[in-house]
Amino acid sequence: MNLAEYDPLRGRRVEVLDFTGNIIAPDVRPDDLSDDYLLDLYDRMVFLRVADQQALTLQRAGRMGTYAPTLGQEAANIGSAAVLQEGDWVVPSFREMGAMLLRGVPLQLIYMYWMGSEWGSHFPENVRVLPICAPVGTQTLHGVGLAWAAKLKGEQTVTLIYFGDGATSKGDFHEAMNFAGVFQTPCVFFCQNNQYSISVPRSTQTAAPTLAQKAIAYGFPGVMVDGNDILAVYAATKEAAAHARSGRGPVLIEAQTYRLGPHTTADDPSRYRSAEELKAQEPYEPLPRVRLYLEKKGLLTPAAETERWERYQTLVKEEAKKAEAAIPLRPDDIFDYHYATLPPYLAHQKDYLHRILASSGEGTDGQA
Ligand SMILES: Cc1ncc(C[n+]2csc(CCOP(=O)(O)OP(=O)(O)O)c2C)c(N)n1
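A brief look at the structure comes next. (Residues numbered from 1 in each chain as written. Predicted model: local features only at pLDDT ≥ 70, side-chain atom pairs only at ≥ 80, totals over all residues. Heavy atoms only, no water.)

1. Some details on the pattern of salt bridges
Following the criterion strictly, the structure yields 21 salt bridges and no others. Between Arg-311 and Asp-43 there is a salt bridge; the shortest N-O distance is 3.6 Å. Of the two residues, Arg-311 is situated in helix H11 (residues 302-326) and Asp-43 in helix H1 (residues 35-60); the sequence distance between them amounts to 268 residues. Owing to a relative accessible area of 34%, Arg-311 belongs among the partly exposed residues under this scheme. Under the relative-accessibility criterion, Asp-43 is labelled buried at 14%. The partner of Asp-172 in a salt bridge is Lys-170, with the nearest N and O atoms 3.2 Å apart. (Salt bridge = Lys/Arg side-chain N within 4 Å of Asp/Glu carboxyl O. Helix = DSSP H or I, 4+ residues; strand = E, 2+ residues; numbered from the N terminus. Buried < 20%, exposed > 50% of the residue type's maximum accessible area, 1.4 Å probe, protein only.)

Quick look at the structure:
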């Protein structure tokens, strides 16, 4: 596919697979994405869905602090990261568990992160994924820095930088885009436009009709894609990564998706969006259309499908157990990683915590 054919100002977006499982743009479907490979990617989507559900269950049971669900964003997560090659970087925000898993971050570590452990961000040496980034949009700058470094070192690697629609309202995003355009850094800006920045709908975040068109002002291509269509996401990201890798500079992708769950486990979306709105989005969610396509091709049988979901349900429970076993948290962790020397007010609070724990019979190692 040719990025230039998808000028966001003309409103055209990349679409390949419709929600009934039919290919509507065979010419856009990437050559290297065989039906067997699509089955692998579907498998990854199921893994993400089950891991996501398990995280919610853990949080509701008081076994995880908080969590930002990816429900409905599986195609955007998997279809994008699937195009990367060895040596490429992923720079996540906080709703990219699928992309992180695909690039080799163990699920146990992601669970540990959301359980509150600093060690959840301690990835294996060869995994080129930055830690989850909670301060909105700041990772866009880190990502451009990585891409610039790669360019200076003469490496042919690409940095895939994720963020949400809300992040495009941040100064960090605009600084990152400007720098990337000026220095032609080899990166792909991947916006998961899930239509909400917590309770703020996309329509009130910017006066621009699309987010993709923001790239035009910075002098590089922007493209809109059906973010619930894994084939379209793959096609667009593959093209964008090839563009960046060949020294032609960055690309911005606006993957139009929908957050079907709450912003985080601390959020109640019924306070800002109607049940009707949610219901209207459900038919467009990313998993059924891939399943329907694979079923029509005879690549998915009910028995294999049941086995897949059960296998992942067992696996995610095991990962959760491993995560919990790798904790308990030391209460001192709250204080120990920010300053070489604790400021007096924090030293006072730490002392106070120790006295409370001592009086309740608990030690500071997290053990009763
Ligand atoms: C700098 C900063 N400001 C505010 C917040 C609180 N906050 C957390 S998530 C979020 C909305 C992010 O929306 P978006 O970028 O669309 O990503 P999404 O959560 O939809 O994936 C906000 C405002 C924060 N984490 N960091």
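There's plenty left to go through after this.
2. Concerning the site of the ligand
Close to the ligand lie 15 residues; Arg-95, Gly-166, Ala-167, Asn-194 and Tyr-196 are nearest. At a separation of 2.7 Å, an oxygen atom of the ligand approaches a polar backbone atom of Gly-166. Within the side chain of Asn-194, one N or O atom sits 3.0 Å away from an oxygen atom of the ligand. Burial of the ligand by the protein chains amounts to 70% of its free accessible area of 580 Å². (Near = heavy atom within 4 Å. Polar contact = N/O pair within 3.5 Å; in protein donor to acceptor, adjacent residues only side chain to side chain. Areas by Shrake-Rupley, 256 points an atom, 1.4 Å probe, with all protein chains shown as cover.)

3. Some words on the sheet that holds strand E2 (residues 89-91)
Strands sit in the order E1-E7-E8-E4-E3-E2 across an open sheet of 6 strands; the sheet is parallel. The open sheet is flanked by strand E1 (13-14) and E2, the only strands paired with a single partner. Two strands pair when backbone bridges link them, and E1 and strand E7 (residues 222-226) are joined in this way by 2 bridges, in the parallel orientation. When the sheet's bridge partners are listed, Val-14 is paired in E7 with Val-225. Contacting E2, strand E3 (159-164) and strand E4 (187-193), helix H5 (residues 138-153) crosses the sheet at an angle of about 170° to E3. (Pairing = 2+ DSSP bridges. Contact = heavy atoms within 4.5 Å. Axes fitted to C-alpha atoms, helices over the stretch in contact; angles between N-to-C directions.)

4. Focus: the state of the cysteines
Enumeration over the complete set of coordinates arrives at 0 disulfides. Here Cys-187 is not cross-linked by a disulfide; its sulfur's nearest cysteine counterpart is in Cys-191, at 14 Å. Using a relative accessible area of 1% as the deciding quantity, one classes Cys-191 as buried. (Disulfide = S-S within 2.5 Å.)

5. Regarding empty space enclosed by the protein
Here the structure, examined in full by the defined rule, presents 1 cavity of 30 Å³ or more. Quantified by volume, the largest cavity comes out at close to 30 Å³. Around the largest cavity sit Tyr-67, Ala-68, Phe-94, Glu-96, Met-97, Met-100, Ile-110, Trp-114 and Ile-132, which together line it. Among the secondary structure elements, those contributing two or more residues to the lining of the largest cavity are helix H3 (97-102) and helix H4 (107-115). Residues belonging to the lining of the largest cavity are distributed by class as follows: 8 nonpolar, no polar and 1 charged. (1 Å grid on protein atoms, 1.4 Å probe; cavity = no way out; pocket = protein on both sides within 12 Å on 5 of 7 lines; lining within 4 Å. Points joined across faces, edges and corners; volume = space filled by probe spheres on them. Nonpolar A, V, L, I, M, F, W, Y, C, P; charged D, E, K, R; others polar.)

6. A few points about the packing of aromatic side chains
Throughout the structure, instances matching the rule amount to 14 aromatic pairs. Centre to centre, the rings of Phe-47 and Tyr-312 are 4.7 Å apart; their planes meet at 15°, and the pair counts as stacked. Taken together, the positions of Phe-47 in helix H1 and Tyr-312 in helix H11 put the pair 265 residues apart, joining distant regions of the chain. Residue classification places Phe-47 among the buried positions, given a relative accessible area of 10%. Members of the aromatic cluster, each reached through a chain of ring pairs, are Phe-163, Phe-173, Phe-189 and Phe-220. Sitting over the ring of Tyr-312, Arg-311 keeps its end group 4.9 Å from the ring centre. (Phe/Tyr/Trp six-rings, centres within 6.5 Å; stacked < 30°, edge-to-face > 60°. Lys NZ or Arg CZ within 6 Å of the ring centre and 35° of its normal.)

7. With respect to the side chain of Gln-256
Looking at the element boundaries, Gln-256 is found in strand E8 (residues 251-256). Reaching out from Gln-256, the side chain makes a polar contact with the side chain of Glu-254 at a distance of 3.2 Å. What Gln-256 contacts, discounting residues up to four positions off in sequence, is Arg-13, Asn-193, Gln-195, Met-224, Val-225, Asp-226, Gly-227 and Asn-228.

8. Let's talk about the packing of helix H2 (residues 74-81) against helix H8 (residues 230-245)
The geometry of H2 relative to H8 is characterised by a closest axis approach of 8 Å and an angle of 35° between their N-to-C directions. Along this stretch, H2 crosses H8, giving a crossing that reads as right-handed. Here Ala-75, Ala-76, Ile-78, Gly-79 and Ser-80 of H2 come into contact with H8, specifically with Ile-230, Val-233, Tyr-234 and Thr-237. When its residues are assigned to classes, the contact of H2 with H8 shows 6 nonpolar, 3 polar and no charged. (Left-handed = near helix turned anticlockwise from the far one by under 90°.)

9. Side note on the packing of H1 against helix H10 (residues 286-296)
Axis separation between H1 and H10 bottoms out at 10 Å; the angle between their running directions is 145°. Where H1 crosses over H10, the two elements pack in a sense that is left-handed. Here Asp-35, Leu-38, Leu-39, Tyr-42, Met-45, Val-46 and Arg-49 of H1 lie close against H10, whose contacting residues are Pro-286, Leu-287, Val-290, Arg-291, Tyr-293 and Leu-294. Tallied by class, residues from the contact of H1 with H10 come to 10 nonpolar, no polar and 3 charged.

Function cannot be inferred from these measures alone, as they are strictly geometric.
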